[in-house]
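A closer look at the structure
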Amino acid sequence: MKNTPIILDCDTGVDDTMAIILACVSPEIELVGIGTIWGNVDLDLATQNTLNILAMCGKADVPVAKGATKPINGSHQDFAYFVHGDDGQGNKGMKGKYGKEISLSAAEFIVEQCRKRPGEIELVPVGPLTNLAVALKLEPNLPKLVRGVTIMGGTALTPGNVSPVAEANIWHDPEAADLVFRAPWPITMVGLDVTMKTLLTEKHFEQMRQAGGVAGYMARISEYYTTFNEERSFGKRLATMHDAIAVGIAAGLVKAKVSPNVNVEVDITSGPGRGQTICDLRGIYLDFPAQKNAHCQVPLELEEGFAELFTARICGAGEAAVDIN
Ligand code: RIB
Ligand code: CA
């Protein structure tokens, strides 16, 4: 299979870390670079976490570009330290600081790379969509220059996780998300419909602990996050792997069994629907007939086995290339 060139865009907390490690260790992926964004944690911390994880995986040569510190309309930002810990690494991150970001901004980096390699790159934003919205303003032709955009964010038929209807990455910056969903590029919206159903268990984490090295680090930083998942979502020790699923879908490591191509709109009102991704699934009883102008695939059900594939990949990551204590 041909490698998929990917630019990730991360607000690096725990599940972003899962996504970055998966991208580093998967031969199907060429990790072109990573943009960073505020979201789970502030921008500086998201950037340092990203640099540290790349260094741990022996991929310190992958460029990291800093992005937005706040939503595109300049309004306030909220963080999710209560989900990812004060260090965005479950309060068990490594002490050292490795690497340095490049001088281009995340949006400039996206535009530069997509101009260099028209039609090749898959953008995989797994945080708020501000950097992509800024990139669209810098290069209005960007939708013609990418292979596609695989977004971790939104939800179609499943409740939201920050409001009854909104998922965090969209809710952080609905105006940016609106620009991104309106742009005429092929989108895959990897939302809570699939990410709340494909979960890591204690059995997976025990395998990672046994493997040690990078996998041991992944298990160590996931404890706090799993406790959050237990208390707030599942009532047992299960962990979501939202961002890793987006990487898996983007690179073909996991396929959707049901993924209609439908129109999606983002609610940018200030009412209770703010941040909702309104997906036109009215064709559900007719096997989703084609919709005019639709350019967004919405996976509703995945093949089995991704948590196992993910665990095997992470367990094969080997020793850390830097001191992770
Ligand atoms: O709603 C889940 C998403 O919000 C994930 O990308 C998580 O890392 C946070 O950014
Ligand atoms: Ca994220």
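Right, let's walk through the structure included here. (Residues numbered from 1 in each chain as written. Chains lettered and ligands numbered in written order. Predicted model: local features only at pLDDT ≥ 70, side-chain atom pairs only at ≥ 80, totals over all residues. Heavy atoms only, no water.)

Attention now goes to the sheet that holds strand S6 (residues 187-190). Taken together, eight strands build an open sheet; the order of strands is S3-S2-S1-S4-S5-S6-S13-S10 and the sheet is mixed. Where the open sheet ends on each side, the last strands, each with one partner, are strand S3 (64-65) and strand S10 (261-262). As paired strands, S10 and strand S13 (residues 296-297) are joined by two bridges and run antiparallel to one another. By the bridge assignment, Asn261 is partnered in S13 with Gln297. Strands strand S1 (4-10), strand S2 (29-36) and S3 of the sheet are contacted by helix H2 (residues 43-56), whose axis makes an angle of about 155° with S2. (Pairing = 2+ DSSP bridges. Helix = DSSP H or I, 4+ residues; strand = E, 2+ residues; numbered from the N terminus. Contact = heavy atoms within 4.5 Å. Axes fitted to C-alpha atoms, helices over the stretch in contact; angles between N-to-C directions.)

Quick look at the packing of helix H1 (residues 14-25) against helix H12 (residues 242-250) now. As a packed pair, H1 and H12 sit with axes 6 Å apart at the nearest point and diverge in direction by 30°. With respect to their mutual orientation, H1 and H12 come out roughly parallel. Residue-level contacts link Asp15, Asp16, Met18, Ala19, Leu22 and Ala23 of H1 to His242, Asp243, Ala244, Val247 and Gly248 of H12. Looking at the contact of H1 with H12, its residues break down into six nonpolar, two polar and three charged. (Parallel < 35°, antiparallel > 145°, perpendicular 65-115°, else oblique. Nonpolar A, V, L, I, M, F, W, Y, C, P; charged D, E, K, R; others polar.)

Here we take up the site of ligand 1. The immediate surroundings of ligand 1 are formed by Asp11, Asp15, Asp16, Asn40, Val126, Met152, Asn161, Glu167, Ala168, Asn169, His242 and Asp243. Note that an oxygen atom of ligand 1 is positioned 2.9 Å from one of the side-chain N or O atoms of Asn40. The side chain of Asn161 places a nitrogen or oxygen atom 2.8 Å from an oxygen atom of ligand 1. Here ligand 1 loses 96% of its free accessible area of 270 Å² to cover by the protein chains. Secondary-structure elements contributing two or more residues to the shell around ligand 1 are H1, helix H7 (168-172) and H12. (Near = heavy atom within 4 Å. Polar contact = N/O pair within 3.5 Å; in protein donor to acceptor, adjacent residues only side chain to side chain. Areas by Shrake-Rupley, 256 points an atom, 1.4 Å probe, with all protein chains shown as cover.)

Bringing the coordination of the calcium ion (ligand 2) into the picture now. Bound to the calcium ion (ligand 2) on the protein side are Asp11 (OD), Asp16 (OD), Asp16 (OD), Val126 (O) and Asp243 (OD), at distances that span 2.3 to 2.9 Å. Each donor residue of the calcium ion (ligand 2) lies on one chain, and together they are spaced D-x4-D-x109-V-x116-D. The exposure class assigned to Asp16 is buried, which follows from its relative accessible area of 0%. (Donors = N, O, S within 2.8 Å, 3.2 Å for Na, K, Ca; no water. Buried < 20%, exposed > 50% of the residue type's maximum accessible area, 1.4 Å probe, protein only.)

Counted under the stated rule, the structure contains 16 salt bridges. Here Glu122 and Arg147 are joined by a salt bridge, their closest N and O atoms 2.8 Å apart. With Glu122 in strand S4 (residues 122-125) and Arg147 in the loop between helix H6 (142-145) and strand S5 (148-152), this residue pair connects regions lying 25 residues apart in the sequence. Between Arg282 and Asp280 there is a salt bridge whose closest N-O contact spans 2.8 Å. The exposure class assigned to Arg282 is exposed, which follows from its relative accessible area of 70%. Overlapping salt bridges, with partners in common, bring together Glu202, Glu206, Arg209, Glu230 and Arg237 in one network. (Salt bridge = Lys/Arg side-chain N within 4 Å of Asp/Glu carboxyl O.)

With 60 residues, the main nonpolar core has Leu8, Met56 and Phe310 as its most contacted residues. When near neighbours in sequence (up to four residues on either side) are disregarded, Phe310 contacts Met18, Leu22, Leu200, Met208, Met241 and Ala244. By size, the runner-up hydrophobic cluster in this structure holds 39 residues, among which are Ala106, Leu129, Leu136 and Val262. (Core = buried A, V, L, I, M, F, W, Y, C linked by side-chain atoms within 4.5 Å.)

Counting through the fold element by element, Lys137 comes out in helix H5 (residues 130-138). Using a relative accessible area of 57% as the deciding quantity, one classes Lys137 as exposed. Once you skip the residues sitting within four places of it in the chain, Lys137 turns out to touch Ile72 and Leu179.

A separate point is the pairing of S1. Among the seven residues in S1, seven count as buried, and that is most of the element. Of the two faces of S1, the one carrying Thr4, Ile6, Leu8 and Cys10 and the one carrying Pro5, Ile7 and Asp9 are both buried. Traced from S1 through H1 to S2, the parallel crossover comes out right-handed. As defined by bridge partners, S1 adjoins S4 across four bridges and the pair is classed as parallel. Each residue of the ladder has a partner; that of Ile7, found in S4, is Leu123. (Right-handed = clockwise from strand over helix to strand, strands pointing away.)

Right, let's get into unusual backbone geometry. The backbone of Asp287 sits at a positive phi, close to 60°, despite the residue not being glycine. In this fold, Asp287 is placed in the loop between strand S12 (277-279) and S13. Looking at Asp287, the relative accessible area reads 68%, which means it is exposed. Although it is not a glycine, Asn293 adopts a positive phi angle of roughly 65°. Along the chain, the position of Asn293 falls in the loop between S12 and S13.

All quantities given are derived from atomic positions and should not be read as evidence of function.
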